Amino acid sequence: DTPAAARQGAWRAPRDALGRPLRTKDGLPVTTVTTRAWRPHAYGRAQNVKHVSFFMEEMVRAMPPGVEGAAMLLDMGGFKPGLLFPYVKDGVDCCQRHYPCRLGAIIAFNLPPYFPAIWRVVQPWFNADIRSKIAFAPRHVKDHMAALAWYDRTRAGRTRSVAGFFACWAPVATAPTAVDARLSSGS
């Protein structure tokens, strides 16, 4: 269940010294993910998606007025490629389907030597908007706080304002429905 996922401690919403949600220099609330502690197979696919949704909702609640995105710091040390299917793919799909544009930055660090091969597999899963927000920290960045400092020094300020938030809502091409037909006919 979701509490079991939370007890693993892989996903965290860290706080500053005053107990407030940790934020980037440009105000994005931060969630940290330690992949070596992440064991979604222990609770299954449905609970994994529920857990991803829970943390996305927590990030949305932590957004101050005028901020429409959040930062996710991914410690990739010890990442197991076997988690790609279905768990990482399910999480990516959940974020893109239900939280478009809420990811303001994704900073991956402590990358394993085989990560370029993993990136070739997962890169097509991300839409262009999210791909543009993914950054890979240099090799010397080994923990979440160093990754946050690196982001603040090199990438902060590249996130969208509220006005730009709606620009990434791409129209979804679907077949017309009966409701669409009624709306267009005026009945």
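Note that this is a predicted model, so its numbers are computed, not measured. (Residues numbered from 1 in each chain as written. Predicted model: local features only at pLDDT ≥ 70, side-chain atom pairs only at ≥ 80, totals over all residues. Heavy atoms only, no water.)

Caption draft 1: Just the overall build of the protein, in detail. Along the backbone of the protein there are eight helices and five strands. Written out in order from the N terminus, the α and β elements of the protein read α-β-β-α-β-α-β-α-α-β-α-α-α. For the protein, with 187 residues in total, the buried portion stands at 46%. Within the protein, contacts between residues at least 6 apart in sequence are counted, and of these 80% link residues at least 24 apart. Of the roughly 10,100 Å² of accessible surface on the protein, a fraction of 60% belongs to carbon and sulfur atoms. (Helix = DSSP H or I, 4+ residues; strand = E, 2+ residues; numbered from the N terminus. Buried < 20%, exposed > 50% of the residue type's maximum accessible area, 1.4 Å probe, protein only. Contact = heavy atoms within 4.5 Å. Areas by Shrake-Rupley, 256 points an atom, 1.4 Å probe, with all protein chains shown as cover.)

Caption draft 2: Local environment of the sheet that holds strand E1 (residues 11–12). Across the sheet, which stays open at both edges, the five strands sit in the order E1-E2-E3-E4-E5 with mixed pairing between neighbours. Every other strand in the sheet has two partners, leaving E1 and strand E5 (134–136) as the edge strands with one partner each. Here two bridges tie E1 to strand E2 (residues 30–34), and the two strands are oriented antiparallel to one another. Opposite tryptophan 11, over in E2, you have valine 33 as the bridge partner. Along the sheet, helix H6 (residues 144–154) makes contact with E2, strand E3 (70–75), strand E4 (103–109) and E5, crossing E4 at roughly 125°. (Pairing = 2+ DSSP bridges. Axes fitted to C-alpha atoms, helices over the stretch in contact; angles between N-to-C directions.)

Caption draft 3: Structural context of the nonpolar core. One finds Trp11, Trp38, Met56, Met72 and Leu103 to be the most contacted residues of the largest nonpolar core, which totals 35 residues. Of all the secondary-structure elements, those providing two or more residues to this core are helix H2 (45–62), E3, helix H3 (84–98), E4 and helix H4 (115–122). Tallying contributions element by element places H3 first for this core, with six residues. Setting aside residues up to four positions removed in sequence, tryptophan 11 forms contacts with Thr31, Thr32, Val33, Trp38, His51, Val52, Phe55 and Met72. Counting residues in each nonpolar core, the second largest holds 16 residues, with Val67, Phe109, Ala147 and Trp150 among its members. (Core = buried A, V, L, I, M, F, W, Y, C linked by side-chain atoms within 4.5 Å.)

Caption draft 4: Structural context of the pattern of salt bridges. Taken as a whole and assessed by the stated rule, the structure comprises seven salt bridges. Among the ionic pairs, aspartate 75 bridges to arginine 36, the shortest N-O distance being 3.4 Å. Taken together, the residues aspartate 75 in strand E3 and arginine 36 in the loop between E2 and H2 connect sequence positions 39 residues apart. Residue classification places arginine 36 among the partly exposed positions, given a relative accessible area of 39%. For arginine 61, the salt bridge is made with glutamate 58, and the minimal N-O distance between the two is 2.5 Å. (Salt bridge = Lys/Arg side-chain N within 4 Å of Asp/Glu carboxyl O.)

Caption draft 5: A look at the environment of arginine 102. On the secondary structure map, arginine 102 appears in the loop between H3 and E4. Judged by its relative accessible area of 18%, arginine 102 falls in the buried class. As a C-alpha pair, arginine 102 and glycine 69 span 33 residues in sequence and 4.3 Å in three-dimensional space.

Caption draft 6: Fine view of H4. Taken together, the buried positions of H4 are occupied by Phe115, Ile118, Trp119 and Val122. Angularly, the buried residues of H4 cover 100° about the axis, an arc narrow enough to put them on a single face. Where the residues of H4 are buried, they touch H3 and E5. (Arc of directions from axis to C-beta.)

Caption draft 7: The side chain of aspartate 129, seen in detail. Of note, aspartate 129 is situated in helix H5 (residues 128–131). Only 3.1 Å separates the side chain of aspartate 129 from the side chain of lysine 133, close enough to count as a polar contact. (Polar contact = N/O pair within 3.5 Å; in protein donor to acceptor, adjacent residues only side chain to side chain.)

Caption draft 8: Main features of the packing of aromatic side chains. This structure, assessed with the given rule, holds seven aromatic pairs. Note on tryptophan 119 and phenylalanine 136: the rings are 5.1 Å apart at their centroids and 80° apart in plane angle, and the pair reads as edge-to-face. Of this pair, tryptophan 119 sits in helix H4 while phenylalanine 136 is found in strand E5, placing the two residues 17 residues apart along the sequence. Accessibility expressed as a relative area gives 18% for tryptophan 119, which makes it buried. The structure contains a cluster of three or more aromatic residues connected by ring pairs, namely Phe115, Trp119, Phe126 and Phe136. (Phe/Tyr/Trp six-rings, centres within 6.5 Å; stacked < 30°, edge-to-face > 60°.)

Read these as spatial facts, not as claims about activity.
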